[in-house]
Amino acid sequence: MATIGNTQIKLLEKLCNACAVSGDEGEVRAIVLDSIKGHADTVKVDTLGNVLATRSGTARKHLRVMLAAHMDEVGFMLVAEDGEGIYRFETVGGLDVRQLVGKPVWVGHDHLPGVIGARPIHLTTVEERSKTIPLDALRIDIGPGGKAKLGDRATFATKFQRSGSSFISKALDNRLGVATLVELVRDAPPNIDLLAAFTVQEENGLRGAKVAAHALHPDLAIAIDSTPANDLPAWDDEDNPAYNTKLGLGPAIYIADTGTLSDPRLVRHFAAAGDAEGIPYQFRQPGGGGTDAGAIHKEHTGIPSLSVSVPHRYSHTAASIARLDDWKNYLALIQAALRRMEPDLLETDKV
Amino acid sequence: MESTLKLLIKKLTEIFSPSGYETDIRAAIHDEVKRLADDVRVDALGNLIARKGKGSAKGKRIMLAAHMDEIGLIATHIDGNGFIRFTGIGGIRPLALTGSRVRFVSGVPGVIGADRITDPGRAPTLEQCFIDVGASNGKDCPVKVGDVCGFERPFLEVGQRLVAKSMDDRIGCVVLIETLRALKSTPHEAYFVFTTQEEVGVRGATTSAFGIDPHLGLAVDVTGVGDTPKCAKMEVSLGKGPAVKIKDAGMLADPRVVDWMIRTAEKNGIPYQREILEAGGTDARAIQVTRAGVPAGCLSIPCRYVHSPSEMVDERDVSNAVKLMTALVSGPAEI
């Protein structure tokens, strides 16, 4: 049984340091293709750029299970040049403009270093400093002579780091999921057909997952993703009823988000697998947000779906943080749940 | 209360089945339609699909859709004293929350309270409300994060009008069941679809329409009215007949379908109203854009106080909707 060791962490590091803003996922796709080479029965890259890899089960009757992890990350796109290597840019995916100013970035496929420039404190007034600088006043500066082109993507220039039992990176959402799905392909349970989709363009509207689900047409689907933890110890439970998830409590099983009402049979199945094998898990608070499941479950005549995520703090910022133990338990829970999938899982009524 | 129609409305509206948790309402409707339809099945998203007729040279494959789900609440946090914080499933109106009673799918009842009101002129937000199920601490609270509840309110008759918590859209389900009962024969292959997850974005209709691949689609749902004091202007009233939808926020009804519905109503002497709803949408919007596109329309039941625990319809509008729907499905659909 695969678990999280140095090999897996090295892969996560490589995936996190790659840049793959929605629509430009080539760098992560190449790592994925290389990592699963020789392990899947079929591998293809579809028209939109999803990697679809399948492993057939050996049991006579078995479920066809789609596992979807998005390869893309939030970031920026250069849209106009002001001269001297200074570019206007748009955000791609959900980013808070207040957090952009002053951050170093990597631009384009060559990871050209740049910075989202900020006027220094010496030259600003108290009033200016009390206001958010709007996106149209921000620029990415890579200096003259750089080889950036309009349309190039950029990401925060945050190198993957380990800090004790935690990881820090710009793209834990969703390279944690990608690295997990690679492990599941390499060590697939024999009782199901495993249909892995490393998807594109999740952050800008679940676009890759929609076509991947149409092509794979599974019996059920699990979105493999990461979700914010809003659990700073400055709050106790009474003060913070909106923590979403908490670090250290294990993988987060979804019941409802903006895009999907999880199939209750799958919620029960995953919780039961955790209970039976002593793997900790938590329920993500029902509420906003969404995953690839939102697109997948509406394909064809309906695909029962569930999302399970690794919790991490400071999602969609320059640096988020996750715990090694949560990731270990995450992989363990998914493996346990998949191993326990009997062909009649979906034959009972929904509730 | 004597009529079987009212008994059916009472039975269906008093069941708790918020979006995604339609098991109980599905079982109740299945019970009603199993002897009336030629074939009944449930799809992967829980839609209940009842077929009547095999089709003929003059017939079409028709999809009729009424949604089974209702708006509800879902627990997000249980505090140390056993109070439950929640968020909405579907379009919850905070104004109707405080003082409301709820019942969880598990059967547990509760009441809704709110944090101290500092401004009595302002309704509390969803985040300021909580559910009290009589627990004295978090450990003995019988509700867990993710548990779902609906509004508790018994069916009520007021004059000619009928009031219930989930007229939207159990009344549409009633119209389809009664149409199935009244239908002697049909030239069509007619699918009576009781859909799931309409209130969270017409999800059940999306997948059932894909599966049925109809030539023609009609939703049956409630619509707003313009006949209460100081309400928004709208040319639909209770008691003046079912409404033929021309437009809402999610769909421009196919004009050929609108004409067919109006022609049929006039030929059979059934009162009807023309409906333009500025906000809101129905399952028809999902049917219309499935696969390569489907001519679609909607038969609406005028309803006051939609998405409150006291939704009101007029019994005559319901009976006339059954008559019109039966006439529509009995004859050829000339569009």
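Since this is a predicted model, take the numbers as computed values, not measurements.

1. Let's talk about the overall build of chain A
Piece 1. Counting its regular elements, chain A contains 8 helices and 17 strands.
Piece 2. Computed over C-alpha atoms, the radius of gyration of chain A comes to 21 Å, within 12% of the 20 Å expected from 2.2 N^0.38 for 351 residues, which places it in the range of a compact globule.
Piece 3. Seen through its C-alpha atoms, chain A measures out along the principal axes to roughly 70 × 50 × 40 Å.
Piece 4. Out of the 351 residues in chain A, the part that is buried amounts to 56%.
Piece 5. In chain A, once contacts between residues fewer than 6 apart in sequence are set aside, the share between residues at least 24 apart is 77%.

2. So, the layout of surface pockets
Over the atoms rolls a probe the size of a water molecule, and its path tells where empty space is left.
Residue and element names in this part refer to chain B.
Piece 1. In this structure, the largest pocket spans a volume of roughly 730 Å³.
Piece 2. Looking at the largest pocket, it is lined by 33 residues, and the ones nearest its centre are T223, G224, L277, A279 and V306.
Piece 3. Of all elements in the fold, only β13 (216–223) and β16 (273–276) reach the threshold of two or more residues within the lining of the largest pocket.
Piece 4. For the lining of the largest pocket, the class distribution of residues is 11 nonpolar, 10 polar and 12 charged.

3. Topic: the interface of chain B and chain A
Piece 1. Listed as interface residues are 27 residues of chain B and, on the opposing side, 28 residues of chain A.
Piece 2. Inspection of the chain B/chain A interface yields 0 salt bridges.
Piece 3. Secondary-structure elements contributing two or more residues to the side of chain B that touches chain A are α2 (23–33), β4 (72–78), β5 (84–89) and α4 (203–212) of chain B.
Piece 4. Counting residues per element, the side of chain B that touches chain A draws most heavily on α4 of chain B, which supplies 5 residues.
Piece 5. Of the residues that constitute the side of chain B that touches chain A, the class distribution is 9 nonpolar, 13 polar and 5 charged.

4. Focus on the packing of aromatic side chains
Piece 1. One pass over the full model with this rule turns up 6 aromatic pairs over all chains.
Piece 2. Between F76 of chain A and F89 of chain A, the aromatic rings sit 5.4 Å apart at their centres with planes inclined by 80°, giving edge-to-face as the arrangement. Taken together, the residues F76 of chain A in strand β4 (residues 75–83) and F89 of chain A in strand β5 (residues 86–92) connect sequence positions 13 residues apart.
Piece 3. Centre to centre, the rings of Y281 of chain A and F283 of chain A are 5.7 Å apart; their planes meet at 80°, and the pair counts as edge-to-face.
Piece 4. Each residue in the set F76, F89 and F156 of chain A is aromatic and connected to the rest through ring pairs, giving one cluster.
Piece 5. The ring of F16 of chain B is capped by K165 of chain B, whose NZ or CZ atom sits 5.0 Å from the centre of that ring.
Piece 6. Across from the ring centre of F210 of chain B, 3.8 Å away, lies the NZ or CZ of R291 of chain B, which sits over that ring.

5. Remarks on the pattern of salt bridges
Residue and element names in this part refer to chain B.
Piece 1. All chains considered together, the criterion is met by 33 salt bridges over all chains.
Piece 2. Of the charged contacts in the structure, one is a salt bridge between K144 and D147, with a shortest N-O distance of 3.8 Å.
Piece 3. Note on K144: relative accessible area 53%, which makes it exposed.
Piece 4. Overall, the relative accessible area of 19% leaves D147 in the buried class.

6. Quick look at the domain arrangement of chain B
All names here are of chain B.
Piece 1. Partitioning chain B into domains gives domain 1 (4–70 + 165–330) and domain 2 (72–151).
Piece 2. Here the C-alpha centre of domain 2 lies 31 Å away from the C-alpha centre of domain 1.
Piece 3. Here domain 1 meets domain 2 over a buried area of about 1,100 Å², counting both sides, of which 67% is carbon and sulfur.
Piece 4. On inspection of domain 1 and its partner domain 2, the count reaches 0 salt bridges.
Piece 5. Taken together, the connections running from domain 1 to domain 2 amount to 2 residue pairs in polar contact (both at pLDDT 80 or more).
Piece 6. Taken together, the residues of the side of domain 1 that touches domain 2 break down into 6 nonpolar, 2 polar and 3 charged.

7. Examining the domain arrangement of chain A
Residue and element names in this part refer to chain A.
Piece 1. Annotation of chain A at the domain level lists domain 1 (6–73 + 170–342) and domain 2 (75–156).
Piece 2. Placing the centre of domain 1 and that of domain 2 at their C-alpha centroids yields a distance of 31 Å.
Piece 3. Taken together, the contact pairs 14 residues of domain 1 with 15 residues of domain 2.
Piece 4. Where domain 1 abuts domain 2, roughly 1,200 Å² becomes buried across the two surfaces, and 61% of that area is made up of carbon and sulfur atoms.
Piece 5. Linking domain 1 to domain 2 there are 4 residue pairs in polar contact (both at pLDDT 80 or more).
Piece 6. Looking at the side of domain 1 that touches domain 2 residue by residue, the class counts come to 4 nonpolar, 5 polar and 5 charged.

8. Observations concerning the confidence of the model for chain B
Detailed reading of the predicted model is not advised wherever pLDDT is low.
Piece 1. Mean pLDDT over chain B stands at 95; residues scoring 70 or higher make up 99%.
Piece 2. Complex prediction metrics read pTM 0.94 and ipTM 0.90.

9. Observations regarding the pairing of strand β1 (residues 42–45) of chain A
Looking along a regular strand, one sees side chains alternate from face to face of the sheet.
Residues and elements named next belong to chain A.
Piece 1. Pairing geometry for β1 and strand β2 (residues 51–55), over 4 bridges, is antiparallel. In the sheet register, T42 faces β2, and the bridge partner there is T54.
Piece 2. Counting the residues between successive antiparallel strands, the hairpin from β1 to β2 contains 5 residues, one of them, G49, with a positive phi of roughly 105°.

10. Here's the deal with the sheet that holds strand β11 (residues 161–164) of chain B
All names here are of chain B.
Piece 1. Here we have 3 strands laid out as an open sheet, ordered β10-β11-β18, and antiparallel in their pairing. Looking at which strands have only one partner, the edges of the open sheet turn out to be β10 (156–158) and β18 (311–314). Mean inter-strand twist for the sheet, computed between neighbouring axes without regard to direction, equals 30°.
Piece 2. Examined bridge by bridge, β10 and β11 share 3 bridges and lie antiparallel to one another. Considered in β11, the bridge of L156 is made with V163.

11. Observations regarding the sheet that holds strand β10 (residues 161–163) of chain A
All names here are of chain A.
Piece 1. Judged by pairing direction, the sheet is antiparallel, and its 3 strands sit side by side in the order β10-β11-β17 without closing on themselves. At either end of the open sheet lies a strand with only one pairing partner, and these are β10 and β17 (320–323). Adjacent strand axes in the sheet meet at a mean angle of 30°, parallel and antiparallel pairs treated alike.
Piece 2. Bridge count between β10 and strand β11 (residues 166–169): 3 bridges; the pairing is antiparallel. Among the inter-strand pairings, S163 is bridged to a residue of β11, identified as S166.
Piece 3. Along the sheet, helix α8 (residues 324–339) contacts β10, β11 and β17; its crossing angle with β17, the most-contacted strand, is approximately 60°.

12. A few points about the packing of helix α1 (residues 4–13) of chain B against α2 of chain B
When two helices pack together, their arrangement is given by the angle between the helix axes and the distance between those axes.
Residue and element names in this part refer to chain B.
Piece 1. Axis separation between α1 and α2 bottoms out at 10 Å; the angle between their running directions is 155°. The orientation of α1 relative to α2 falls into the category roughly antiparallel. Contacts between α1 and α2 involve L8, K11 and L12 from the former and I25, A28, I29 and E32 from the latter.
Piece 2. Tallied by class, residues from the contact of α1 with α2 come to 5 nonpolar, no polar and 2 charged.

Rules of the game
Residues numbered from 1 in each chain as written. Chains lettered and ligands numbered in written order. Predicted model: local features only at pLDDT ≥ 70, side-chain atom pairs only at ≥ 80, totals over all residues. Heavy atoms only, no water. Helix = DSSP H or I, 4+ residues; strand = E, 2+ residues; numbered from the N terminus. Rg over C-alpha atoms; globule rule 2.2 N^0.38 Å. Buried < 20%, exposed > 50% of the residue type's maximum accessible area, 1.4 Å probe, protein only. Contact = heavy atoms within 4.5 Å. 1 Å grid on protein atoms, 1.4 Å probe; cavity = no way out; pocket = protein on both sides within 12 Å on 5 of 7 lines; lining within 4 Å. Points joined across faces, edges and corners; volume = space filled by probe spheres on them. Nonpolar A, V, L, I, M, F, W, Y, C, P; charged D, E, K, R; others polar. Salt bridge = Lys/Arg side-chain N within 4 Å of Asp/Glu carboxyl O. Phe/Tyr/Trp six-rings, centres within 6.5 Å; stacked < 30°, edge-to-face > 60°. Lys NZ or Arg CZ within 6 Å of the ring centre and 35° of its normal. Domains from an automatic or database assignment. Buried area = accessible area lost by both parts, 1.4 Å probe. Polar contact = N/O pair within 3.5 Å; in protein donor to acceptor, adjacent residues only side chain to side chain. pLDDT = per-residue confidence, 0-100. Pairing = 2+ DSSP bridges. Axes fitted to C-alpha atoms, helices over the stretch in contact; angles between N-to-C directions. Parallel < 35°, antiparallel > 145°, perpendicular 65-115°, else oblique.

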